[in-house]
Each structure stands twice: as C-alpha cells, then as structure tokens.
Amino acid sequence: MAKKEKRISLYKKIWCKIRYWQSIYDVSDTELAAYLQVCERTLRDYDKNASCVTLGKIDNFLVVNKMELDELLAL
C-alpha cells in the first residue's frame, strides 16, 4: 500500500486563507471577530483547531466583505 500523505483539512485551509486576507488588508483581530460575529478569544481557538469554524461564520465573513468562497480560496 502507498504511504498516506498528510492532508490539510478544508477547515484549516479556509481559516489560513482568512488569516492571510487579514494580514494583506491589515485588519485587526477585533475587526475580524466582528466580521465573523465571534469574540477575539474564539479567533485564537480557531488558530488551534480550525474544525470549529462553522459554515455560518465563514458565510458572515464572505457577506460582510462582498466576496465569494472561490475568491477567498484563490488568495
């Protein structure tokens, strides 16, 4: 059998893209938390375990920033 590759989960990939977008546009954690409708502490929890990010939170982010998911993933 072939050796399994370690893969990055979709949650982690999306969360990394959101954090990358944050750094590009110099958005504070406070603003990002507001876009996602969570508290700042939750952002740090997402950094540790991105599987806690819900589709609703991702959708909030995309709507506030007038983006599509494919635009975010293309960053």
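Counting restarts for each chain, with residues numbered from 1 along the sequence as it is written. Reporting in this predicted model follows two pLDDT cut-offs: at least 70 for local features of residues, and 80 or more for side-chain atom pairs to be given and counted; totals over whole chains, interfaces and linings ignore these cut-offs and use all residues. Side-chain descriptors were evaluated using all non-hydrogen atoms of the structure, hydrogens and water having been removed beforehand.

1. Re the packing of helix 1 (residues 10-24) against helix 2 (residues 29-36)
Two quantities define a packed helix pair, namely the angle between the axes and the distance from one axis to the other.
Right, so step 1: Structural elements are reduced to axes, namely lines fitted to C-alpha atoms, with helices fitted over the stretch in contact, and the angle between N-to-C directions of any two is expressed from 0 to 180 degrees. In DSSP terms, a helix is any run of H or I states spanning at least four residues, a strand is any run of E spanning at least two, and both are numbered starting from the N terminus. Axis separation between helix 1 and helix 2 bottoms out at 11 Å; the angle between their running directions is 130 degrees. Classed by the angle they form, the pair helix 1 and helix 2 counts as oblique. Here helix 1 runs over helix 2; the crossing is right-handed. When helix 1 is examined against helix 2, the residues Trp15, Ile18, Arg19, Trp21 and Gln22 are found in contact with a partner set consisting of Asp29, Leu32, Tyr35 and Leu36.
Right, so step 2: Residue composition of the contact of helix 1 with helix 2, grouped by class: six nonpolar, one polar and two charged. Note on terminology: angles under 35 degrees are roughly parallel, angles over 145 are roughly antiparallel, angles of 65 to 115 are roughly perpendicular, and the others are oblique. Helix crossings get a hand from a simple test, with the near helix turned counterclockwise from the far one by less than a right angle marking a left-handed crossing and a clockwise turn marking a right-handed one. Should any heavy atoms of two residues lie within 4.5 Å, those residues are counted as being in contact. Basically, the charged four are Asp, Glu, Lys and Arg, the nonpolar ten are Ala, Val, Leu, Ile, Met, Phe, Trp, Tyr, Cys and Pro, and anything else, Gly included, counts as polar.

2. Let's talk about helix 4 (residues 55-64)
Right, so step 1: Classification of residues uses two cut-offs on accessible area relative to the type maximum, computed with a 1.4 Å probe and protein chains only: under 20% is buried, over 50% is exposed, and between them is partly exposed. Those residues of helix 4 lying buried are Ile58, Asn60, Phe61 and Leu62.
Right, so step 2: On its buried face, helix 4 is in contact with helix 1, helix 2 and helix 5 (69-73).
Right, so step 3: Downstream of helix 4 by a residue or two, lysine 66 has a phi angle that is positive, lying close to 50 degrees.

So far we have only geometry, and geometry alone does not tell us how the molecule works.
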